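Residue-level listing of the chains:
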Amino acid sequence: MKRHVRSLLASALASLALAGCAERTPGTARAPAPRAENAATLAGLEGAVTVTSDRLGIPTIRAASRLDALRALGFVTARDRLFQMDLLRRSSAGRLAEVLGRDLLEADTRQRLYGVPKAAPAILARLPERQRAALDAYAEGVNAYLRSAEALPVEFQELGYRPEPWRPEDSVLVVLGMFNTLGSTEDLERTRTVLIRTLPKGVASFLLEDVDPYTRALLGAQAPASPPLPREELRALVAQSRGDRARTAGLLSERAGEAPAGSNGWAVAGQRTRDGRAILANDMHLDLGVPNVWYRAELRYGDKELAGVVLPGLPVVIVGTNGHVAWGMTNLDGDVRDLVQLEARPDHPDEYRTPSGWRRFDVAQETIKVRGEPDVAMAVRSTIWGPVSPRPLLGGPVAVRWTALDPAGVDIGLLEMDEARSVDEAASVMNAAGGPGCNVLLADRRGRVAWTVTGRLPRRRGFDGSVSVSWADGRAGWDGYLTPAALPRAVDPPSGFVVNANNRMPLGEGAPALGRDYANGYRAHRITERLREARQVTEADLFRLQLDTRAEFFGFYRDLALRALSDEAVSRRPALAEARRALSVWDGQADVPTVGLPLLVRFRRVLADEVFAGWLGASRAAEPSLKLALPDIDTPVQRALGERSADLVPAPEGGVDAFVLAALEKAMTVVHEQHGGRPLDRLEWGAVNRVRIAHPLGQAPELAARLNMPDEPLPGCGVCVRLTGRTLGASERLVVSPGREAEGILHMPAGQSGDPTSPHYRDQQRAWVDGRPLPLLAGPPERTLTLVPERR
């Protein structure tokens, strides 16, 4: 859904921009040119604030107080990223169609149906006073820039509207947008519910096992037993599916088996480093765009010095350092959303059953403004548990119970990381905070490291949250949230390091479950393997590890294919010789010149499609819209094929090898079609793995070269430590030892500015593509802005 919204957004913006360009004299629609700023007035300041910017446009803010620093942060972020900030708040508020037209109506409708716009003011009203004051100060800074700007960014000019003043609740909307970016549990819960309700119990357990071989190795003795392979049940399902394969074609969702929005993070303790310092490394994997999702900043106020990245629209350093503690994050994939099965009253469909009896659905009227068209009115139904989902499940309505919609479930407690002086204090701040659920990696200046989690996690009763159930009789539901003290921590482990790459972590006996459907453990296993070998570690060593392109994950599929590609098979089907040559020379890497990997990646996908099509006929029949949304498709496929039994998979009469060869030929056809028939043994990975980092207006050919980053090959792959995809990758790479920030590293794609005419629009891109480090701290100042209080 999120990727669909981005596509619609780009299409709408491009068409509107072209229409606008056609109506203007060429060259008249320009962004405000960079100007040599000296001073500006900012209402609410307690004292003067100095903002210096270095050669990359990275601001260093020096103020007497936190609130003044946040006012200045709002001012400079709006200066550099105003259009991005406006889209972020409009996206969560369901107000994109108002300025972009009908193509965005579906996205707006979804936000309204889920009640996101109404959640923001309710969350704001519950925030502690210090957090509310921070949002007020930030809004004052944004609005001071809006009042002082000589001209609006080019996007506003093209679209013909002015941004509204920034409100504190707009920052809450930005937070809710990140909840949506990192949350995937609704689709996963739908998948699990359908599989458990439509398949034999043994098959469902087999398919939903969330411990792959790499994770199992990491968990060691804490790993749960694997469910038995349900041979007889699988054979029956495969037999039932023969002759009806069309119904189950295309079962895998776009990102099944791929990394979710996630990250790599690790912290190495002093016992493993060159001089006893602890070092943090963190690269957050998100869909990439222009401008980048993060904005680099340094804030110095009182005795506080912070450096890292912020999310435009939010006055919080998301990952970074305060000189005493460094922190990084990876997506927790925590289970913070439940689909509540609703029991509608048969003779009164406007009522549903609750523990206290039948109750009418709450119905609110919403109006969506659409650019150039009449307003669209809609009714939004909700329940005591949350909004009614626009998507039924197995033919029945479900309500959405989601932390992000609960005023008690969201805050910006991460703001208090400026006070933390040790990994213990930092973990306490993180455990108490109410942002999106994340793993947190910590390092402090005394050489210590830790892992913990942040975000509110529901305390469930009567069910485990894995599938949709009814809460009507009161036995199932939420009883608030886990207390901060109940959240797990690992501090100073004997290994001398902590690692998370969106994988399942060892929690210890009696620890509360955090989630399920974790990413495959290959990245975490590879990082752990490298760190176990490491001694005398430096920042440069950890930065190199962030760029690791080893892809042994695909070794199973290479061996499977080469076994089937016997001399006899190739002599019968000579075209397969090309595949054998390509796979034989694959070096196990995912580098730009690597050969063989393009075929392997496609072969894995085709093979999984074929295997699941043979197993899930009954599931697709019960839920025709089913798209399998499991992050781990490989464990069940590999276990079944490892048996070498043709009746466990939809194999033809020739057995497993014939099944494998058929999938391989299909993969060859796809790769040939996509790459002009280029021989597979000469097709380099760089021809396939090309990153696209585009501006929302960049779909228009006339604007693409000016607005988008160059479309070029990248090392890495979808399961590598250097995770890359067509639009997915490391949104930043941070390596830092607290107290030694001058030796820290931070780079990101694109640049600081969202203005295409700015020298800082793309000046960090080359280092990011080439894998070159840039300094964490800003360099010598090249421009100075003084913000002064408004005279009274």
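Keep in mind that what you see is a predicted model, and the values were worked out from it rather than measured.

Here is what the cut-offs are and how they apply
The numbering scheme is per chain: residues are counted from 1 as the chain's sequence reads. In keeping with the predicted nature of the model, local features appear solely for residues at pLDDT of at least 70, side-chain atom pairs appear and are counted solely at 80 or more, and the whole-chain, interface and lining totals rest on all residues. Side-chain descriptors were evaluated using all non-hydrogen atoms of the structure, hydrogens and water having been removed beforehand. Pairing of aromatic side chains requires ring centres within 6.5 Å, counting the rings of Phe and Tyr and the six-membered ring of Trp. Pairs whose planes differ by under 30 degrees are stacked, by over 60 edge-to-face, and all others tilted. To sit over a ring, a charge needs its Lys NZ or Arg CZ within 6 Å of the ring centre and within 35 degrees of the ring normal. Throughout, a disulfide means two cysteine sulfur atoms within 2.5 Å of one another. Three labels apply to residues, based on accessible area from a 1.4 Å probe with only protein chains included: buried if under 20% of the type maximum, exposed if over 50%, partly exposed otherwise in between. The axes used here are C-alpha line fits, helices contributing only the stretch in contact, and every angle between their N-to-C directions lies in the interval 0 to 180 degrees. Strands are runs of DSSP state E lasting at least 2 residues, helices are runs of H or I lasting at least 4, and numbering of each runs from the N terminus. These descriptions rest on fixed angle ranges, namely under 35 degrees for roughly parallel, over 145 for roughly antiparallel, 65 to 115 for roughly perpendicular, and the rest for oblique. Any pair of residues with heavy atoms lying within 4.5 Å of one another is described as a contacting pair. All amino acids are sorted into three groups, where Ala, Val, Leu, Ile, Met, Phe, Trp, Tyr, Cys and Pro are nonpolar, Asp, Glu, Lys and Arg are charged, and the leftover types, Gly among them, are polar. Strands are labelled as partners when DSSP assigns at least two bridges between them. Picture the helix axis, draw a direction to every C-beta atom, and the arc is the one those directions span. Any N or O atom pair separated by 3.5 Å or less is treated as a polar contact, with the protein-specific requirement of one donor-capable and one acceptor-capable atom, and with residues adjacent in sequence counted only for side-chain atom pairs. Crossing handedness is defined as follows: a turn of the near helix away from the far one that is anticlockwise and smaller than a right angle gives a left-handed crossing, while the clockwise case is right-handed. When a carboxyl oxygen of Asp or Glu is within 4 Å of a side-chain nitrogen of Lys or Arg, the pair counts as a salt bridge. Only protein atoms enter the 1 Å grid, on which a cavity is a set of points fitting a 1.4 Å probe that cannot get out and a pocket is an open set with protein on both sides within 12 Å along at least 5 of 7 lines, lining residues being those with an atom within 4 Å of a point. Grid points are joined across faces, edges and corners, and a volume is the space filled by probe spheres set on the points. The pLDDT score gives, residue by residue, the confidence of the prediction method on a 0 to 100 scale.

Attention now moves to the packing of aromatic side chains. The geometry of an aromatic ring pair is captured by the separation of the ring centres together with the interplanar angle, meaning the angle of the planes. The full count for this structure, using the stated rule, is 15 aromatic pairs. What links up through ring pairs into an aromatic cluster is the set Tyr352, Phe361, Trp385, Phe463, Trp471, Trp478 and Tyr481. Over the ring of Trp402 we find Arg337, and its NZ or CZ is 4.1 Å from the ring centre. The ring of Phe361 carries the charged tip of Arg381 above its face, separated from the ring centre by 4.3 Å.

What follows covers the state of the cysteines. Per the counting criterion, the structure on display carries one disulfide. Here Cys717 pairs with Cys720 through a disulfide, and the sulfurs are 2.2 Å apart. In this structure the cystine formed by Cys717 and Cys720 twists about its S-S bond by roughly 95°; its chirality is therefore right-handed. The exposure classification of Cys717 matches that of Cys720, with both residues buried.

Across the interface, helix 16 (residues 555–564) lies against helix 19 (residues 597–615) with an axial gap of 10 Å and an inter-helix angle of 85°. It follows that helix 16 is roughly perpendicular to helix 19 by the angle criterion. Contact residues: helix 16 offers Tyr557, Arg558, Leu560 and Ala561, while helix 19 offers Leu600, Phe603, Arg604 and Leu607. Its residues placed into classes, the contact of helix 16 with helix 19 shows six nonpolar, no polar and two charged.

Residues Phe497 and Val499 of strand 23 (residues 497–500) are buried on one face, and the alternating residues Val498 and Asn500, pointing to the opposite face, are buried as well. As judged from the four bridges shared by strand 4 (residues 262–268) and strand 23, these two strands associate in the antiparallel manner. Considered in strand 23, the bridge of Val268 is made with Phe497.

Turning to helix 5 (residues 116–126), its buried residues number three or more, namely Val116, Ala119, Ala120, Ile123 and Leu124. Taken around the axis of helix 5, the buried residues stretch over an arc of 130°, which confines them to a single face. For helix 5, exposure combined with an orientation more than 90 degrees from the buried face picks out Lys118 and Ala125. Of the surrounding secondary structure, the elements contacted by the buried residues of helix 5 are helix 2 (66–93), helix 4 (105–114), helix 6 (129–148) and helix 8 (168–182).

Here we come to the side chain of His285. Its place among the elements puts His285 in strand 5 (residues 279–287). Look at His285 and you get buried, because its relative accessible area is 1%. Polar side-chain contacts of His285 include one of 2.8 Å to the side chain of Asp283.

Here the focus is the packing of helix 19 against helix 22 (residues 656–674). Packing of helix 19 against helix 22 brings their axes to within 8 Å, and their N-to-C directions diverge by 125°. In terms of orientation, helix 19 lies oblique with respect to helix 22. Helix-helix and strand crossings are classified by hand; for helix 19 and helix 22 the assignment is right-handed. On helix 22, the residues touching Pro598, Leu599, Arg602, Phe603, Val606, Leu607, Glu610 and Val611 of helix 19 are Phe659, Val660, Ala663, Leu664, Lys666, Ala667, Met668, Val670, Val671 and Gln674. When the residues that make up the contact of helix 19 with helix 22 are grouped by side-chain class, the tally is 14 nonpolar, one polar and three charged.

This brings us to the pairing of strand 4. Of all seven residues that make up strand 4, seven are buried, and the element is covered over most of its length. Side chains Gly262, Asn264, Trp266 and Val268 project from strand 4 onto one buried face, and the interleaved Ser263, Gly265 and Ala267 project onto a second face that is buried too. One ladder, built from seven bridges, connects strand 4 with strand 5; its direction is antiparallel. In the sheet register, Asn264 faces strand 5, and the bridge partner there is Asp283.

Before going further, it helps to examine the sheet that holds strand 10 (residues 337–341). Strand order in the open sheet formed by three strands is 16-10-20, with mixed pairing between adjacent strands. Of all the strands in the sheet, just strand 16 (398–402) and strand 20 (469–470) have a single pairing partner and so form its edges. Here strand 10 runs beside strand 20; their pairing, made up of two bridges, is parallel. Paired with Val340 across the strands is Val469, a residue of strand 20.

Applying the stated criterion to the full structure yields 67 salt bridges. In this structure, the salt-bridge partner of Arg504 is Asp210, at a minimum N-O distance of 2.9 Å. Residue Arg504 is found in the loop between strand 23 and helix 14 (522–533), and its partner Asp210 is found in the loop between helix 10 (201–207) and helix 11 (213–219); the two are separated by 294 residues along the sequence. On the basis of relative accessibility, which here comes to 24%, the residue Arg504 falls in the partly exposed class. With relative accessibility at 23%, the residue Asp210 sits in the partly exposed group. Among the charged side chains, a salt-bridge network with shared partners connects Asp86, Arg89, Arg90, Arg95, Glu98, Glu164, Arg167, Glu169 and Asp170.

With that settled, consider unusual backbone geometry. In this structure, Pro291 follows Val290 across a cis peptide bond, with omega equal to -5°. Structurally, the position occupied by Pro291 is in the loop between strand 5 and strand 6 (295–301). The phi angle at Asp333 is positive, at roughly 55°, despite the residue not being glycine. Note on placement: Asp333 falls in the loop between strand 9 (325–331) and strand 10.

Take the layout of surface pockets next. In this structure, the second largest pocket spans a volume of roughly 830 Å³. Along the walls of the second largest pocket sit 28 residues, with Glu258, Val601, Arg602, Gly725 and Arg726 positioned nearest its centre. Mapped by element, the contributors of at least two residues to the lining of the second largest pocket are helix 19 and helix 22. The element that contributes the greatest number of residues to the lining of the second largest pocket is helix 19, accounting for five residues. Here the residues of the lining of the second largest pocket sort into twelve nonpolar, seven polar and nine charged.

Right, let's talk about the confidence of the model for the protein chain for a bit. Looking at the protein chain, pLDDT values average 92 and 94% of them are 70 or higher. Contacts from residues 1–5, a stretch scored under 50 in pLDDT, to residues over four places away or in other chains number 13 contacts. With pLDDT under 50 throughout, residues 16–36 is counted as low confidence; its partners more than four residues away or in other chains account for 40 contacts.

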